[in-house]
Amino acid sequence: MAQDNSLALPPQPTVEKLFQIDGYLCTYEQEIRRRYGCFLNLLNHINQHEGGLNEFTKSYQTFGVHRLPDNSIRVLEWAPGAQELYLKGDFNNWRVEPNYAFKRIEFGRWQLDIPSSPDGTCPIHHLCKLKLVVKNKAGQLEERICPWSRYVTRPKDVPIFEQVFWDPPAEQVYEFKHPHPRAPKALRIYESHVGISSWEGKVASYKEFTNNVIPRIKDLGYNSIQLMAIMEHAYYASFGYQVTSFFAASSRYGTPEDLKELIDTAHSSGIVVLLDVVHSHASKNVVDGLNQFDGTNSCYFHDGGRGNHDLWDSRLFNYTEWEVLRFLLSNLRMWIDEYHFDGFRFDGVTSMLYHTHGMGHGFTGHYDEYFGLNTDTDSFAYLTLSNYMLHKFYPDFMITIAEDVSGMPTLCRPVIEGGCGFDYRLAMGLPDMWIKLLKNVKDDDWDMTNIAHTLTNRRFSEPCIAYCESHDQALVGDKTIAFWLMDKEMYTHMAVFSGQSLIIDRGLALHKMIRLITIGLGGEGYLNFIGNEFGHPEWLDFPRIGNNESYHYCRRQWNLVDDQNLKYKFLNNFDRDMLHLEAQYNWLSNNKNYISLKHNGDKVLVFDRADVLVFIFNFHPSMSFTDYKIGLPQAGTYRIVLDTDAEQYGGHKRLDHNTQYFSQPEPWNDRPHHTFVYLPSRTAIVLAKCS
């Protein structure tokens, strides 16, 4: 086949940029070049033998069950260990018969062609139920679901999913009305789970999320939605991380067309939608998953110990297998081409990058940990190829984020430089810091130097998504920040007319300050988990045997924030104004920032961003300061543009917002100018230079 020259790359990476950014990488130049060579070999083989990367990664259009233009059916599967393969279903009364036996073709593939019916209609109708039947080496017949299934459902009271042929008539196919928004300069991400997005104790739907939650997201000022648990998963309580059908949008929330409408509605408001994609592992389910699909223990996965993740109790992909690469890369293309997702948050990247999967590894930061034998080159090459493909074919809007706790250097540098090509990584150390402080350290002992260091401890020119808490901190067994701060009185003192409460007062103040300093200093993007913007109480617990299948903790209590008699509205108001301020000044995408003061005695931390904003935090639980001297980046007049102590945020309104702060020419704290401010205890303010 002809090579796709449009995707040609130089034989060696342009590593000079890497070394200018980080000279310590020079020691590992040979390993960086070797990794690039592994990626390039894969790309060249695809170009030479598959008609190019574009053709190879669109295999979702040919593999699986498809209706052809003449209304015949073609089914293409990869099952190298199978002895025989059959299709059965509603269309033939569930019989295993020779007329529907696959023909073995090259490279472990099987093909079945079913002609159109005598009246010219398709022999397999929309919503027809199907099963593959695999005859294994022992001669046993085993039922399977097609790995490329677009829609699978679970009958009521039956724990096993079954394949449903999704081929709606043209008038029922959702037609997209809005284009992909261009990638924002900085992401303000609203991490969401459709199923928990109702206040009712049930599984919410795509349509309910579209109608009820997207307007909230838009109002708050988020420009990105990250959707979890969309790829079908048989076990709801897995939070979507035990995927069984990689090409199927979860049917528990509605139909594929409903999901398309959700994404298109977000696009109509200029909001990008990212898919939480799980290519790091797969469910161990056999009958309705990928495990033992062809009757062997390998197929899509490594055999033996390398094919199992002991901690997650799941199977691990074999990224050296050609058809696995086809499957996973085509999976990414399908979610973009068919559903119009704008990018991906790759789950479990740390597990993919290392043979130890990061388990029991503290990652001290020594570069030998990243460029030694523990790094899984096969996984790194797959991730590099994925990023290269996604950004090559969708350059205007594509966004990729890595969930990596290890801090792998070059992970978020361009492929051409020898990097892995991600746009962002999650700053996973930040929520750990906040939870440890709240659990173990008294307010009086908070270390401003350590907080500032943790918030800024990231690789230069490798952007991070900052966050205080994600879904991990919301799960049962842990607590959200709001619950750590206020659980003792959240049920009794959250009414605006309730008596004075030191616990609630402290909780509201610190919740706002923690979010502001995290978005102000912690990264080049920001993430919030659904409901945490208003301090959602309690934890998140999916229905399971251990809680009598209860949905009580598996929902978002919007009624709390909508009730004007409750204090949750104050946290929600603050979140909205904080995000709108970022949208106005774009400090996340501006790399000009400087920490001018870290004072542990006063519990004061001051920094400026984007040359015109000054963030001032007084974490002291009891001491307020008058005429506190702070440095300024520029001469001019400054005013308060955000104040955590303001009345609309449940504060004590101790600051006069009409006050103007005039710069003085004397340098202070390594800044060329200074001014004096009043700093109430447990308060943060943002000053902006007047134009």
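For the structure itself, consult the block above.
Residues numbered from 1 in each chain as written. Predicted model: local features only at pLDDT ≥ 70, side-chain atom pairs only at ≥ 80, totals over all residues. Heavy atoms only, no water.

### Details of the sheet that holds strand β5 (residues 109–114)
- With antiparallel pairing, four strands are arranged side by side in an open sheet as β1-β2-β5-β4. The open sheet has two edge strands, β1 (64–67) and β4 (103–104), and neither has a second partner. (Pairing = 2+ DSSP bridges. Helix = DSSP H or I, 4+ residues; strand = E, 2+ residues; numbered from the N terminus.)

### Examining empty space enclosed by the protein
- All told, the structure shown has three cavities of 30 Å³ or more when counted by the stated rule.
- Residue lining of the largest cavity: Tyr467, Cys468, Glu469, Ile481, His511, Ile514, Arg515, Tyr526, Leu527, Asn528 and Asn532, and that is the complete set.
- Mapped by element, the contributors of at least two residues to the lining of the largest cavity are α13 (502–521) and β21 (525–529).
- Here the lining of the largest cavity is built from residues that sort into six nonpolar, three polar and two charged. (1 Å grid on protein atoms, 1.4 Å probe; cavity = no way out; pocket = protein on both sides within 12 Å on 5 of 7 lines; lining within 4 Å. Points joined across faces, edges and corners; volume = space filled by probe spheres on them. Nonpolar A, V, L, I, M, F, W, Y, C, P; charged D, E, K, R; others polar.)

### Here's the deal with the pattern of salt bridges
- Following the criterion strictly, the structure yields 47 salt bridges and no others.
- Among the salt bridges present, the one from Glu208 reaches Lys202, with a minimum N-O distance of 2.5 Å.
- A relative accessible area of 22% means that Glu208 is categorised as partly exposed.
- Judged by relative accessible area, which is 26%, Lys202 ranks as partly exposed. (Salt bridge = Lys/Arg side-chain N within 4 Å of Asp/Glu carboxyl O. Buried < 20%, exposed > 50% of the residue type's maximum accessible area, 1.4 Å probe, protein only.)

### A look at the pairing of strand β2 (residues 73–78)
- Taken across its six residues, β2 has five buried, putting it largely inside the fold.
- The sheet contact formed by β1 and β2 spans four bridges and is antiparallel. The residue bridging His66 from the neighbouring strand is Arg74, located in β2.
- The antiparallel pairing of β1 with β2 creates a hairpin that spans five residues between the two strands, and Asn71 there sits at a positive phi of about 70°.

### Side note on the packing of aromatic side chains
- On inspection of all chains with the given rule, the structure shows 48 aromatic pairs.
- Seen in terms of ring centroids, Phe317 and Tyr319 are 6.3 Å apart; in terms of plane orientation they differ by 50°. Their pairing is tilted. For the pair Phe317 and Tyr319, a shared accessibility class is recorded, and that class is buried.
- When the centroid spacing of 5.2 Å and the interplanar angle of 80° are considered together, the rings of Trp587 and Phe615 count as edge-to-face. (Phe/Tyr/Trp six-rings, centres within 6.5 Å; stacked < 30°, edge-to-face > 60°.)

### Brief notes about the nonpolar core
- Within the largest apolar cluster, 187 residues are counted, with the highest numbers of intra-cluster contacts made by Tyr300 and Trp335.
- Those residues in contact with Trp335 that lie beyond four places of it in its chain are Ile230, Met231, Phe246, Phe247, Ala248, Ala249, Leu259, Leu275, His340, Phe341 and Phe344.
- Counting 17 residues, the second largest nonpolar core, distinct from the first, contains Val604, Tyr638, Ile685 and Leu687. (Core = buried A, V, L, I, M, F, W, Y, C linked by side-chain atoms within 4.5 Å. Contact = heavy atoms within 4.5 Å.)

### A word on a nonpolar patch on the surface
- On the surface, a nonpolar cluster with roughly 180 Å² of combined accessible area is contributed by Val158, Ile160 and Val287.
- Mapped onto the fold, Val158 is located in the loop between β8 (152–153) and β9 (162–164).
- Judged by relative accessible area, Val158 falls into the partly exposed class, the value being 33%. (Patch = residues over 30% accessible without salt bridge, like charges linked within 9 Å, V, L, I, M, F, W, Y side chains within 5 Å. Areas by Shrake-Rupley, 256 points an atom, 1.4 Å probe, with all protein chains shown as cover.)

### Regarding the sheet that holds strand β19 (residues 424–426)
- Pairing is parallel in the closed barrel, where eight strands are placed in the order β10-β11-β14-β17-β18-β19-β20-β21. Across the sheet, the axes of successive neighbouring strands diverge by a mean angle of 30°, strand direction being ignored. (Axes fitted to C-alpha atoms, helices over the stretch in contact; angles between N-to-C directions.)

### Here's the deal with helix α5 (residues 256–268)
- Its 13 residues place the ends of α5 19 Å apart at the C-alpha level, agreeing with the 18 Å of an ideal helix rising 1.5 Å per residue.
- Among the 13 residues that make up α5, 10 are buried, leaving the element largely enclosed by the rest of the structure.
- When α5 is considered as a whole, its buried residues turn out to be Pro256, Glu257, Asp258, Leu259, Lys260, Leu262, Ile263, Asp264, Ala266 and His267.
- Contact partners of the buried residues in α5: α4 (206–220), β11 (224–228), β13 (245–249), β14 (272–277) and α6 (322–337). (Expected span 1.5 Å × (residues − 1).)

### Overview of the state of the cysteines
- Summed over all chains, the structure comprises zero disulfides.
- As a non-bridged cysteine, Cys38 has Cys420 as the owner of its nearest cysteine sulfur, 12 Å distant.
- Taking relative accessible area as the criterion, Cys38 reaches 25% and is therefore assigned partly exposed.
- For the unlinked cysteine Cys420, the closest cysteine sulfur is that of Cys412, found at 8.3 Å.
- Look at Cys420 and you get buried, because its relative accessible area is 0%. (Disulfide = S-S within 2.5 Å.)

### A look at unusual backbone geometry
- With phi around 55°, Gln292 is a residue other than glycine that occupies positive phi space.
- Note on placement: Gln292 falls in the loop between β14 and β15 (308–309).
- Phi is positive for Asp313, which is not a glycine, with a value near 55°.

### What to know about the packing of α13 against helix α15 (residues 568–585)
- Contact geometry of α13 with α15 gives a least axis separation of 11 Å together with a crossing angle of 20°. Comparing the axis directions of α13 and α15 gives the class roughly parallel. The crossing of α13 and α15 is right-handed. Taken together, the residues of α15 that come into contact with α13 (itself represented by Leu508, His511, Lys512, Arg515, Leu516 and Ile519) are Leu571, Phe574, Asp575, Met578, Leu579 and Glu582. (Parallel < 35°, antiparallel > 145°, perpendicular 65-115°, else oblique. Left-handed = near helix turned anticlockwise from the far one by under 90°.)

### Considerations on the layout of surface pockets
- Here the largest pocket is characterised by a volume of approximately 730 Å³.
- Contributing to the lining of the largest pocket are 29 residues, with Val405, Ser406, Gly407, Gly429 and Asn457 lying nearest its centre.
- If you list the elements that add at least two residues to the lining of the largest pocket, you get β19, α9 (429–440) and α10 (448–456).
- Here the lining of the largest pocket is built from residues that sort into 11 nonpolar, 12 polar and six charged.

### A word on the pairing of strand β26 (residues 637–643)
- Here β26 pairs with strand β27 (residues 661–662) via two bridges, running antiparallel. Looking across to β27, one finds that Tyr638 is bridged to Tyr661.
- Pairing between β26 and strand β29 (residues 683–689): five bridges, direction antiparallel. Bridged to Tyr638 within β29 is Lys689.

### As for the packing of α9 against α13
- Closest axis-to-axis distance for the α9/α13 pair is 12 Å, and the angle between their directions is 150°. As far as their axial angle goes, α13 and α9 are roughly antiparallel. Crossing handedness for the pair α9 and α13: right-handed. The residues of α13 that touch α9, namely those facing Leu430, Trp434 and Leu438, are Ile514, Ile517 and Thr518.

### Here we look at helix α2 (residues 29–49)
- Over its 21 residues, α2 extends 30 Å from the first C-alpha to the last, a length consistent with the 30 Å expected when each residue adds 1.5 Å.
- Of all the positions in α2, only Glu31, Ile32, Arg35, Tyr36, Phe39, Leu40, Leu42, Leu43, Ile46 and Asn47 are classed as buried.
- On its buried face, α2 is in contact with α1 (16–21), α3 (53–56), α6 and α8 (377–393).
- Trailing α2 by a residue or two, Gly51 shows a phi angle of about 75°, which is positive.

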